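# Observations on the model geometry
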Amino acid sequence: MKQLIDDIKQYCAEREMSLSTFGFHAAKDGKFVARLEKGGRCWPETEAAVRAFMAQNPPEKMGSNAHD
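Let me begin by describing the structure that accompanies this report. Here the structure is a predicted model, which means the values were calculated and not measured.

Okay, the packing of aromatic side chains next. A complete count under the given rule lists three aromatic pairs for this structure. Ring geometry for Tyr11 versus Phe22: centroids 5.6 Å apart, planes at 65°, classification edge-to-face. On the criterion of sequence distance, the pair formed by Tyr11 in helix H1 (residues 2-15) and Phe22 in helix H2 (residues 19-27) is long-range, its members being eleven residues apart. The same class applies to Tyr11 and to Phe22, which are both buried. By relative accessible area, Tyr11 is classed as buried at 5%. Among the aromatic side chains, those forming a connected cluster through ring pairs are Tyr11, Phe22 and Phe53. One cation-aromatic arrangement involves Arg41 over Trp43; the distance from NZ or CZ to the ring centre is 3.8 Å.

Below you can see the structure in the form of structure tokens.
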């Protein structure tokens, strides 16, 4: 579970997104990450959905220009 939490934190840092906002969008639960950090359970289906959210919404590359 630590790897998932680390991946989420890295994703949020790159997107400049709060952990609660991430949880709301990725898991329909604004307290999702806080619960994981406190040892809460994450079902395999939920982890798959969270990872799919991150894959489908990648952080924009620094310095990229949408008009290129």
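There is more to say, and it comes next.
For helix H4 (residues 44-56), built from 13 residues, the straight-helix expectation of 18 Å at 1.5 Å per residue is met to within 8% by its first-to-last C-alpha distance of 18 Å. Looking at the buried residues of H4, the elements they touch are H1, H2 and helix H3 (32-37).

This part is about the nonpolar core. Membership of the largest hydrophobic core comes to 15 residues, with the highest contact counts inside it found for Ile8, Tyr11, Phe22, Phe32, Leu36, Val50 and Met54. Residue assignment for this core shows that the elements contributing at least two residues are H1, H2, H3 and H4. For this core, the element with the most residues is H1, which contributes five residues. If we ignore the near neighbours within four places in the chain, the residues touching Val50 are Leu4, Ile8, Phe22, Ala26, Ala27 and Phe32.

All right, on to unusual backbone geometry then. A positive phi is found at Glu16, a non-glycine position, where the angle reads about 55°. Even without a glycine there, the phi angle at Lys28 is positive, about 60°. Tracing the backbone shows Lys28 in the loop between H2 and H3.

Moving on to the packing of H1 against H4. It is the contact of H1 with H4, at a shortest axis distance of 11 Å, that shows an interaxial angle of 25°. As judged from the angle between their axes, H1 and H4 are roughly parallel. Crossing angle aside, the handedness with which H1 passes H4 is left-handed. Between H1, through Gln3, Leu4, Asp7, Ile8 and Tyr11, and H4, the contact on the second element is made entirely by Glu47, Val50, Arg51, Phe53 and Met54.

Cut-offs used in this document
- Residues numbered from 1 in each chain as written.
- Predicted model: local features only at pLDDT ≥ 70, side-chain atom pairs only at ≥ 80, totals over all residues.
- Heavy atoms only, no water.
- Phe/Tyr/Trp six-rings, centres within 6.5 Å; stacked < 30°, edge-to-face > 60°.
- Helix = DSSP H or I, 4+ residues; strand = E, 2+ residues; numbered from the N terminus.
- Buried < 20%, exposed > 50% of the residue type's maximum accessible area, 1.4 Å probe, protein only.
- Lys NZ or Arg CZ within 6 Å of the ring centre and 35° of its normal.
- Expected span 1.5 Å × (residues − 1).
- Contact = heavy atoms within 4.5 Å.
- Core = buried A, V, L, I, M, F, W, Y, C linked by side-chain atoms within 4.5 Å.
- Axes fitted to C-alpha atoms, helices over the stretch in contact; angles between N-to-C directions.
- Parallel < 35°, antiparallel > 145°, perpendicular 65-115°, else oblique.
- Left-handed = near helix turned anticlockwise from the far one by under 90°.

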